[in-house]
Amino acid sequence: MKKKNPINEDIEIQVAERIILNENNFKFKKYNLFIAFFLIFLLPFIGLEIISNFKLNLNGVNKAKKFLNNDLSILGHLPYKEISKEKLVSIEPNIQVHIDMSEALLKMREDAIKDGIYLVFLSGYRSINLQKEIFYSLKSMRNQIAAERAKVSAPPGYSEHSTGFAIDIGDADKRETDFEVQFENTDAFRWLKKNAAKYHFKLSFTQNNKNVDYEPWHWRYEGSIEALKVFEASNRNLKKLQN
Ligand SMILES: [Zn+2]
């Protein structure tokens with residue numbers, strides 16, 4: 001008797017266990033179906049909500065970044081304060097520049113002559129009022145909208161010329177290329193490209209600039225702390241564009 005019972009008990013237990021397992025399986029499947037239903041119908045909504053929240057956060061981050069970088073540019077031009085009159089010196093009857101850059105600029109012209117290159121200074125300091133005249137009068141004359149005009153001239157208050165640290169340069173032997181992209185084919189430009197950095201001059205609007213047209217004649221001085229401070233934001237933007 002003792003030998004029979006364990007076998008029967010084993011069978012009973014196995015059957016009973018199977019029933020319990022099946023019941024559990026059924027419950028489990030029902031639960032899974034419910035979860036799957038929930039996920040299929042609700043996940044897209046949850047996803048959309050997460051994405052839109054993420055976008056909102058990103059916008060916030062971008063806004064904060066812009067604020068931190070002090071990116072106050074308009075149509076690709078950064079704002080510049082007008083230089084105080086006492087820092088201006090005349091280097092020619094119609095050309096005034098920042099006193100910090102006058103020496104380097106004149107030395108550059110002298111040294112160019114030694115190489116047979118004759119640089120002409122076309123435009124130096126321009127007041128915000130003069131820039132206003134240039135920007136708005138030319139804009140209406142050429143029937144251009146502000147964004148188109150801004151590609152070839154800075155809006156008033158946004159010109160490097162107002163700082164006294166910018167100079168437009170031409171070639172005395174090729175005056176027809178004054179303020180023209182063709183200036184890049186002159187000996188004067190080739191000389192400047194090779195030598196201007198020695199005198200702390202740098203091309204402001206290169207071919208890589210997306211917002212402002214290429215201006216091979218427009219150079220800026222970065223040879224003093226004041227000048228570097230003035231162009232800090234611009235240089236930071238250039239670095240960002242290169243990365
Ligand atoms: Zn210029």
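Analysis parameters
- Residues numbered from 1 in each chain as written.
- Predicted model: local features only at pLDDT ≥ 70, side-chain atom pairs only at ≥ 80, totals over all residues.
- Heavy atoms only, no water.
- 1 Å grid on protein atoms, 1.4 Å probe; cavity = no way out; pocket = protein on both sides within 12 Å on 5 of 7 lines; lining within 4 Å.
- Points joined across faces, edges and corners; volume = space filled by probe spheres on them.
- Nonpolar A, V, L, I, M, F, W, Y, C, P; charged D, E, K, R; others polar.
- Donors = N, O, S within 2.8 Å, 3.2 Å for Na, K, Ca; no water.
- Tetrahedral: all angles 85-135°; square planar, octahedral: opposite > 155°, others 65-115°.
- Helix = DSSP H or I, 4+ residues; strand = E, 2+ residues; numbered from the N terminus.
- Contact = heavy atoms within 4.5 Å.
- Core = buried A, V, L, I, M, F, W, Y, C linked by side-chain atoms within 4.5 Å.
- Buried < 20%, exposed > 50% of the residue type's maximum accessible area, 1.4 Å probe, protein only.

A. Quick look at the layout of surface pockets. In this model, the second largest pocket occupies a volume close to 430 Å³. Forming the walls of the second largest pocket are 19 residues, and the residues nearest its centre are P79, Y80, K81, K229 and V230. For the lining of the second largest pocket, the per-class residue count stands at eight nonpolar, four polar and seven charged.

B. Local environment of the coordination of the zinc ion. Taken together, the protein donors to the zinc ion comprise H161 (NE2), D168 (OD), D168 (OD) and H218 (ND1), at separations of 2.0 to 2.7 Å. Each of the four donor atoms around the zinc ion contributes to a set of angles spanning 52 to 149 degrees, which defines the coordination as irregular. All donors of the zinc ion come from a single chain, and their spacing in sequence reads H-x6-D-x49-H. Placement of D168 in strand β4 (residues 166-171) and of H218 in strand β6 (residues 218-221) is noted, with a sequence separation of 50 residues between them.

C. Broad picture of the environment of D213. The residue D213 is located in the loop between β5 (201-203) and β6 in this model. With 61 residues separating them along the chain, D213 and V152 place their C-alpha atoms 5.9 Å apart. The contact partners of D213, leaving out residues within four places of it in the chain, are K151, V152 and F205.

D. Quick peek at the nonpolar core. Core analysis: the biggest nonpolar cluster contains 31 residues, and L105, M108, L119, I167, L192, F201 and W219 have the highest contact counts within it. Secondary-structure elements contributing two or more residues to this core are β2 (95-98), α2 (99-114), β3 (119-123), β4, α5 (187-195), β5 and β6. For this core, the element with the highest residue contribution is α2, accounting for five residues. Among residues more than four places away in sequence, those in contact with L105 are I91, V97, F121, I167 and F201.

Bear in mind that shape data such as this cannot, by itself, settle questions of function.
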